[in-house]
Amino acid sequence: MNKIKIFDTTLRDGEQSPGVNLNFQEKMEIARQLEKYGVDIIEAGFPAASKGDFQSVREIANTIKGCSVTGLARAVKSDIDTAWEALKGSEEPRLHVFIATSPIHMAYKFNKKPEEIVEIAIEMVKYASKFFPVIQWSAEDASRSELPFLAHITEKVIKAGANVVNLPDTVGYTTPKEYGAMFSYLKENVPNIHKVDLSTHCHDDLGMAVANSLAAVENGATQIEGAINGIGERAGNAAIEEVAVALHTRKDFYQSYTNITLSETKRTSDLVSKLTGMAIPANKAVVGRNAFAHESGIHQDGFLKNRSTYEIISPELVGVQQKEVVLGKHSGRHAFRTHLMDLGFTLQDNQIDSLFEKFKDLADKKKDVTDDDLFSLVLQKTVNSDELYKLDSLQVQYGSHNIPTATITLTKNDGESVQEAATGSGSVEAIYNTLNRCIDSELKLLDYRLQSINGGPDALAEVFVKIEGNGVEASGRGLAYDVLESSAKAYLNAINRMIAIQEYRKETKQEVM
Ligand SMILES: CC(=O)SCCNC(=O)CCNC(=O)[C@H](O)C(C)(C)COP(=O)(O)OP(=O)(O)OC[C@H]1O[C@@H](n2cnc3c(N)ncnc32)[C@H](O)[C@@H]1OP(=O)(O)O
Ligand SMILES: CC(C)C(=O)C(=O)O
């Protein structure tokens with residue numbers, strides 16, 4: 001059996017998904033969960049891209065001890081220097097340096113000859129090896145590169161000190177047969193190839209990212225890169241949870257294993273979905289709501305006679321469990337604490353106490369409090385600390401022949417209270433106009449998404465918004481029993497985060513973009 005290393009790029013390529021913007025606390029929360037999930041390498045960001053990215057990579061590198069932490073850099077000395085500054089505190093720092101090798105990229109992006117690209121790649125790998133114990137070199141757009149040139153440059157960078165060679169299908173263009181053949185070609189034509197791990201990095205533009213990654217494994221790849229829930233640039237990356245479950249379920253075929261703790265799959269996927277605001281389609285493989293639901297009679301009949309007739313992955317394998325103890329309004333602190341621990345949260349006593357109060361409020365309104373409810377409740381509390389404004393009260397007047405009007409009272413963290421009222425063409429707009437008035441700013445709503453947690457008449461409403469003001473974009477989430485309240489909370493959460501970003505930029509003297 002061959003070990004396949006899992007390189008997670010949720011926090012780098014995943015965050016390149018249009019509309020996704022994670023703050024520092026959210027990135028840290030995801031990094032901690034990825035460590036628990038058992039990934040071998042976390043790509044925490046692109047340190048030279050911004051001060052915010054630098055800070056997140058540095059904190060993750062200093063905190064996460066269970067796996068290697070890496071950051072991306074262009075083949076540019078200053079990017080490599082910045083990456084080293086961010087990563088030097090990691091127990092296992094590694095650099096991910098890349099340069100494009102396809103004729104299209106070399107000609108149009110760089111306006112350079114192939115031999116010039118080879119020289120830059122060699123020089124940068126040599127330069128990086130002064131600092132980094134492990135260097136991953138990526139041939140961007142490898143799948144559209146000429147194979148003899150790819151073999152030539154690969155041999156040179158290995159000689160210069162690269163320990164991992166990654167061959168991305170940057171634009172999601174390749175097919176399993178073609179991508180597998182590329183790995184075989186390099187194995188046969190690069191004399192020093194045995195010295196490195198060969199890695200895949202596939203995009204899903206034609207829906208083949210996972211299939212292509214697995215085809216590479218069949219042809220000698222020992223590392224797969226991807227993102228949780230398959231998020232990432234354009235159509236996204238190979239979904240890590242799909243790759244891991246496929247390698248496990250078909251180990252008879254792939255003869256491979258990973259370090260992934262499969263029972264943490266659902267929790268990891270939920271966390272990433274909630275923090276990025278990217279909902280998981282019901283029919284998504286492995287983690288979709290319908291992935292384990294059998295709807296039609298013949299399937300149900302077979303399944304009831306023997307699960308193996310229609311089930312190749314058990315829900316328990318990926319952490320989808322039916323709980324025997326159901327939490328409700330009569331549950332006590334012990335059951336609550338145990339339940340949170342079962343869900344994988346490690347919380348201080350004071351955090352449990354304040355969450356317990358919120359849980360009781362919720363249980364008064366809702367018959368059964370589900371794991372999804374608890375999950376959202378804890379996230380709301382743990383990643384949204386230090387808020388400047390808190391929602392004190394909200395009143396909305398709506399009638400089919402009246403103009404909707406909202407009245408809101410906010411409390412600032414210095415105790416000052418702000419009260420305003422405003423109208424809007426709908427109730428949500430009235431709320432948002434009122435909140436704009438409270439903070440005396442004209443904010444623009446860029447995105448608004450509403451979903452129910454679980455469903456049913458007593459479901460919690462979760463709202464995700466994205467706003468823009470003074471050149472700063474921020475997203476926010478709100479959770480409440482009532483749709484209007486969760487809409488207000490999401491907008492206020494985004495306002496608080498926008499203010500935090502502005503403060504941070506002021507402190508670090510970054511330009512407000
Ligand atoms: C395939 C991928 O996913 S690669 C990762 C993509 N991620 C990102 O780009 C996110 C973060 N990026 C950023 O914040 C910015 O693009 C920065 C900070 C990196 C650079 O910003 P700028 O200096 O303004 O450059 P800009 O983005 O406009 O153009 C990119 C420059 O990098 C060069 N470049 C691109 N890739 C590489 C590389 N691998 N090695 C060296 N130079 C490179 C381009 O040729 C261009 O150079 P030029 O200005 O001489 O023409
Ligand atoms: C930087 C590389 C690995 C990348 O993201 C790509 O080619 O898609």
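The shown structure was predicted, so the numbers you read here are calculated from the model rather than taken from an experiment.

How each quantity is defined
- Residues numbered from 1 in each chain as written.
- Chains lettered and ligands numbered in written order.
- Predicted model: local features only at pLDDT ≥ 70, side-chain atom pairs only at ≥ 80, totals over all residues.
- Helix = DSSP H or I, 4+ residues; strand = E, 2+ residues; numbered from the N terminus.
- Rg over C-alpha atoms; globule rule 2.2 N^0.38 Å.
- Buried ≥ 20, exposed ≤ 12 C-beta atoms within 10 Å, placed from the backbone.
- Near = placed C-beta within 6 Å.
- Nonpolar A, V, L, I, M, F, W, Y, C, P; charged D, E, K, R; others polar.
- UniProt positions renumbered as here; feature names shortened; annotations may be inferred.
- Axes fitted to C-alpha atoms, helices over the stretch in contact; angles between N-to-C directions.
- Parallel < 35°, antiparallel > 145°, perpendicular 65-115°, else oblique.
- Left-handed = near helix turned anticlockwise from the far one by under 90°.
- Contact = placed C-beta atoms within 7 Å.
- Domains from an automatic or database assignment.
- Pairing = 2+ DSSP bridges.
- Right-handed = clockwise from strand over helix to strand, strands pointing away.

A.B. asks: Just checking my understanding: could you explain the overall build of the chain for this structure?
C.D. replies: Scanning the chain from N- to C-terminus turns up 17 helices and 16 strands. The C-alpha radius of gyration computed for the chain amounts to 25 Å, which stays within 12% of the reference 24 Å derived for 513 residues, consistent with globular compactness. Each principal axis of the C-alpha distribution contributes one length, and for the chain these read about 75 × 65 × 45 Å. Counting all 513 residues of the chain, 44% fall into the buried class.

A.B. asks: Just to check I follow, could you spell out the site of ligand 1 for this structure?
C.D. replies: Around ligand 1, the surrounding shell holds 15 residues, and the nearest of these are A49, R74, A75, F98 and I99. For the shell around ligand 1, the secondary structure elements donating two or more residues are strand 5 (93–100) and helix 4 (103–110). Tallied by class, residues from the shell around ligand 1 come to eight nonpolar, two polar and five charged.

A.B. asks: How should the UniProt feature "domain: Pyruvate carboxyltransferase" (unreviewed entry) in the chain be read in this particular structure?
C.D. replies: Residues annotated in UniProt with the feature "domain: Pyruvate carboxyltransferase" (unreviewed entry) correspond here to residues 4–266. Along residues 4–266 the backbone is 44% helical and 19% strand, and the end-to-end C-alpha distance reaches 21 Å.

A.B. asks: What am I meant to see in the packing of helix 1 (residues 24–37) against helix 11 (residues 265–276) here?
C.D. replies: Relative placement of two packed helices is described by the angle separating their axes and the distance separating the axes. Relative to each other, helix 1 and helix 11 sit at 165 degrees, their axes nearing to 10 Å. Here helix 1 lies roughly antiparallel to helix 11, going by the angle between them. In this structure, helix 1 meets helix 11 at a crossing whose hand is left-handed. Along its contact with helix 1, which presents E26, E29, I30, Q33, L34 and Y37, the element helix 11 presents R267, T268, L271, V272 and L275. The class makeup of the residues in the contact of helix 1 with helix 11 is six nonpolar, two polar and three charged.

A.B. asks: How should I be thinking about the site of ligand 2 in this particular structure?
C.D. replies: Taken together, the residues surrounding ligand 2 are D13, L72, F98, S138, E140, N166, P168, T170, H201 and H203. Considering only residue class, the shell around ligand 2 consists of three nonpolar, five polar and two charged.

A.B. asks: Any chance you could explain the domain arrangement of the chain here in plain terms?
C.D. replies: Frequently, the measure chosen for interface size is the accessible area that the parts lose on association. Looking at the chain, the domain boundaries give domain 1 (2–276), domain 2 (292–320), domain 3 (333–382) and domain 4 (389–507). Once you take the C-alpha centre of each, domain 2 and domain 3 turn out to be 30 Å apart.

A.B. asks: It is not clear to me how the sheet that holds strand 13 (residues 417–423) should be interpreted in this structure. Could you clarify?
C.D. replies: Strand pairing in a sheet relies on backbone hydrogen bonds, with the paired strands running either antiparallel or parallel. Taken in spatial order, the three strands line up as 11-12-13 in an open sheet, and their pairing is antiparallel. This sheet does not close on itself; its edge strands, each paired only once, are strand 11 (389–397) and strand 13. Geometrically, the sheet is characterised by an average inter-axis angle of 15 degrees between neighbouring strands, direction not taken into account. Sheet analysis places strand 11 next to strand 12 (residues 405–412), joined by eight bridges and oriented antiparallel. Bridge pairing in strand 12 places L394 opposite I408. Packed on one face of the sheet, helix 16 (residues 427–438) meets strand 11, strand 12 and strand 13 and runs near 140 degrees to strand 13.

A.B. asks: What is the right way to read the packing of helix 8 (residues 209–218) against helix 9 (residues 240–249) from this model?
C.D. replies: Where helix 8 meets helix 9, the closest approach of the two axes is 10 Å, and the angle between their N-to-C directions is 45 degrees. The orientation of helix 8 relative to helix 9 falls into the category oblique. At the point where helix 8 passes helix 9, the crossing takes the right-handed sense. Counted together, V210, S213 and L214 of helix 8 and E242, V243 and A246 of helix 9 form the full contact between these two elements. Looking at the contact of helix 8 with helix 9, its residues break down into four nonpolar, one polar and one charged.

A.B. asks: Looking at this structure, I do not really get the pairing of strand 4 (residues 68–74). What am I missing?
C.D. replies: Buried residues dominate strand 4, accounting for six of its seven residues. Note that strand 3 (residues 41–45) and strand 4 share four bridges and pair parallel. If you follow E43 over to strand 4, its bridge partner there is T70. Each parallel crossover has a hand, and for strand 3 linked through helix 2 (residues 51–63) to strand 4 it is right-handed. Relative to strand 5, strand 4 runs parallel, the two sharing six bridges. By the bridge assignment for strand 5, T70 is matched with R94. In this region the chain leaves strand 4, passes through helix 3 (residues 77–87) and returns to the parallel neighbour strand 5; the handedness of that crossover is right-handed.

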